[in-house]
Structure formats: C-alpha cells, structure tokens
Amino acid sequence: MSESLDLGYARVDLGREARQGLPEVVYGPGKQVDEITGIVTTLLGRNTGPVLVTRVEPGVAADVLAAVPGGRHDPDARLLTWREAAPAGHTVAVVTAGTSDGPVAAEAAAVATALGLRTTVVRDVGVAGLHRVLAAVPDLRAADSVIVIAGMEGALASVVGGLVETPVIAVPTSTGYGAALEGVTALLAMLTSCAAGITVVNIDSGFGAALAAFRLTRRPG
C-alpha cells in the first residue's frame with residue numbers, strides 16, 4: 001500500500017500508524033469542512049486506531065460530525081475524535097497552575113484520553129499558594145508521567161520537576177500580563193529550569209504534551 005494518498009488538497013499520510021502507532025492527526029484551523037471530512041474519511045478507512053482533529057470550533061465540528069458519523073466533539077478541548085482507544089496501563093496527570101490554563105489542560109487531557117492513556121487532572125495548584133501543589137504530590141507521584149501547564153513565569157514546572165521522579169512535560173501558556181509576552185516568558189523559564197530533564201513543548205500546545213506522553217508508552221515489551 002502506498003504511504004500516502006493525494007486528495008488534491010491534502011496528501012494523507014497512510015503509513016504513519018505503522019511507523020508511529022497512531023494515524024495522522026488533523027490540524028483543523030484553515031481547513032474547509034469538506035476537506036476535514038475527506039481526510040477523516042480516508043484515515044478511518046485506511047487505519048485502525050483513533051482519528052483526531054484538533055482546534056475545531058463548534059460550528060465546524062457539527063458539520064463534520066453530520067458528514068462522518070460516529071465521532072465525538074469535546075468543545076472545551078476543541079477536539080473531534082473517532083475510535084478512541086481503550087484505556088491502557090500508562091497514567092498521566094495533567095496539572096494546571098491556574099484556572100486560566102484550563103483550555104490548554106482540556107486539550108492535553110482529551111487527547112491523552114483518546115489515545116488510551118489513563119488521565120487525571122489536578123487544577124489550580126500554582127506556586128503563589130505553594131501548599132496547593134504540595135497537597136497534590138501523592139497524585140503526581142502516582143502517575144507514570146506528568147504534564148505541567150502554566151503561564152506567567154511558568155515556575156510550576158520546576159517545582160513539580162523537583163518533586164517527582166517520573167517524566168515531566170511542561171507546557172507554557174499565553175496566560176499573563178504584558179511582560180509574560182504571550183507565553184514566551186514561561187517558555188524560556190521552563191527551558192532554563194533548574195529541575196533537570198524536563199521536556200518542554202510549544203506555547204499552548206496541550207496536544208504536543210499529550211503526544212509526548214503517548215510516545216513514552218511506545219517501548220518494546
């Protein structure tokens with residue numbers, strides 16, 4: 001079978017599931033409903049695993065679901081999913097510094113769940129009230145990996161990185177006032193964290209963090 005299929009408006013990567021254990025994920029913005037529909041239909045027909053479309057607004061989601069039945073839309077995560085994977089052994093904790101980081105956390109948790117990870121969410125434990133994250137330490141240490149989502153100065157990632165032994169995936173968010181620079185300050189802080197070994201993904205990329213957690217499960221048995 002060919003590795004890709006040319007639909008005219010997209011070259012669908014049909015071999016990605018065999019290479020990486022997951023079908024190609026569709027980025028929704030900038031695509032027309034019929035384009036998303038065509039790509040999703042192709043992926044469902046040529047693969048066996050979960051099919052995801054990210055960053056989808058409600059109106060577009062409704063039109064796509066009308067054309068491709070059997071899917072589900074999570075409006076908080078802005079995620080469309082078909083054939084979600086059954087929960088597997090790997091657990092991931094998604095931790096937010098503040099309530100304003102919720103949309104990014106929703107995306108991370110929804111994507112991780114759709115890929116079969118057992119997911120818990122710990123909300124609003126930012127370092128301005130350090131006792132809050134300390135109280136959550138047992139839940140964080142129980143997870144196989146931890147996704148830390150924080151804006152402003154992004155300090156929560158360093159704190160969590162110093163409290164757990166499992167992989168920590170840090171997500172800077174665009175939350176914060178002027179000098180937060182729409183997430184750049186948190187990004188740079190996480191990249192220069194004194195807690196060694198933290199993985200950092202792009203600003204507001206809950207999707208990227210969930211995929212990093214998923215890749216941690218792709219080890220030989």
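Summarised in this report is the structure supplied together with it. (Residues numbered from 1 in each chain as written. Predicted model: local features only at pLDDT ≥ 70, side-chain atom pairs only at ≥ 80, totals over all residues. Heavy atoms only, no water.)

### What about the sheet that holds strand β11 (residues 199-200)?
Turning to step 1, where the next piece is worked out: Taken in spatial order, the five strands line up as β8-β7-β9-β10-β11 in an open sheet, and their pairing is parallel. Two strands in the sheet have a free side with no partner beyond their single neighbour: β8 (118-122) and β11.
Turning to step 2, where the next piece is worked out: With five bridges joining them, strand β7 (residues 91-96) and strand β9 (residues 145-150) adopt parallel strand pairing. Residue pairing across strands places A93 opposite V146, the latter belonging to β9.
Turning to step 3, where the next piece is worked out: With respect to the sheet, helix α8 (residues 184-191) is in contact with β9, β10 (168-172) and β11, its orientation differing from that of β10 by roughly 155 degrees.
Turning to step 4, where the next piece is worked out: Packed on one face of the sheet, helix α9 (residues 206-216) meets β7, β9 and β10 and runs near 170 degrees to β10. (Pairing = 2+ DSSP bridges. Helix = DSSP H or I, 4+ residues; strand = E, 2+ residues; numbered from the N terminus. Contact = heavy atoms within 4.5 Å. Axes fitted to C-alpha atoms, helices over the stretch in contact; angles between N-to-C directions.)

### Here's the deal with the side chain of S193
Turning to step 1, where the next piece is worked out: Looking at the secondary structure, you find S193 in the loop between α8 and β11.
Turning to step 2, where the next piece is worked out: At a separation of 2.7 Å, a polar atom in the side chain of S193 contacts the side chain of S158.
Turning to step 3, where the next piece is worked out: Reaching out from S193, the side chain makes a polar contact with the backbone nitrogen of A195 at a distance of 3.0 Å. (Polar contact = N/O pair within 3.5 Å; in protein donor to acceptor, adjacent residues only side chain to side chain.)

### Section: the sheet that holds strand β6 (residues 79-82)
Turning to step 1, where the next piece is worked out: Taken in spatial order, the four strands of this open sheet run β3-β4-β6-β5, and their pairing is mixed. With one partner strand each, in any of the chains shown, β3 (26-27) and β5 (72-74) form the two edges of the open sheet.
Turning to step 2, where the next piece is worked out: Two elements, strand β4 (residues 51-54) and β6, share three bridges in a ladder whose sense is antiparallel. Bridging across to β6, L52 finds its partner in T81.
Turning to step 3, where the next piece is worked out: Sheet strands touched by helix α3 (residues 58-67): β5 and β6. Its angle to β6, the strand with the most contacts, is close to 20 degrees.

### Regarding the pattern of salt bridges
Turning to step 1, where the next piece is worked out: All chains considered together, the criterion is met by eight salt bridges.
Turning to step 2, where the next piece is worked out: For the salt bridge of R72 with E84, the shortest nitrogen-to-oxygen distance reads 2.8 Å. Taken together, the residues span a long stretch of sequence, with R72 in strand β5 and E84 in the loop between β6 and β7 at a distance of twelve residues.
Turning to step 3, where the next piece is worked out: Given a relative accessible area of 32%, E84 falls into the partly exposed group.
Turning to step 4, where the next piece is worked out: For R132, the salt bridge is made with D124, and the minimal N-O distance between the two is 3.6 Å.
Turning to step 5, where the next piece is worked out: On the accessibility criterion, R132 (30% relative accessible area) is partly exposed.
Turning to step 6, where the next piece is worked out: Within this structure, E3, D13, R16 and R19 form a network of salt bridges that share partners. (Salt bridge = Lys/Arg side-chain N within 4 Å of Asp/Glu carboxyl O. Buried < 20%, exposed > 50% of the residue type's maximum accessible area, 1.4 Å probe, protein only.)

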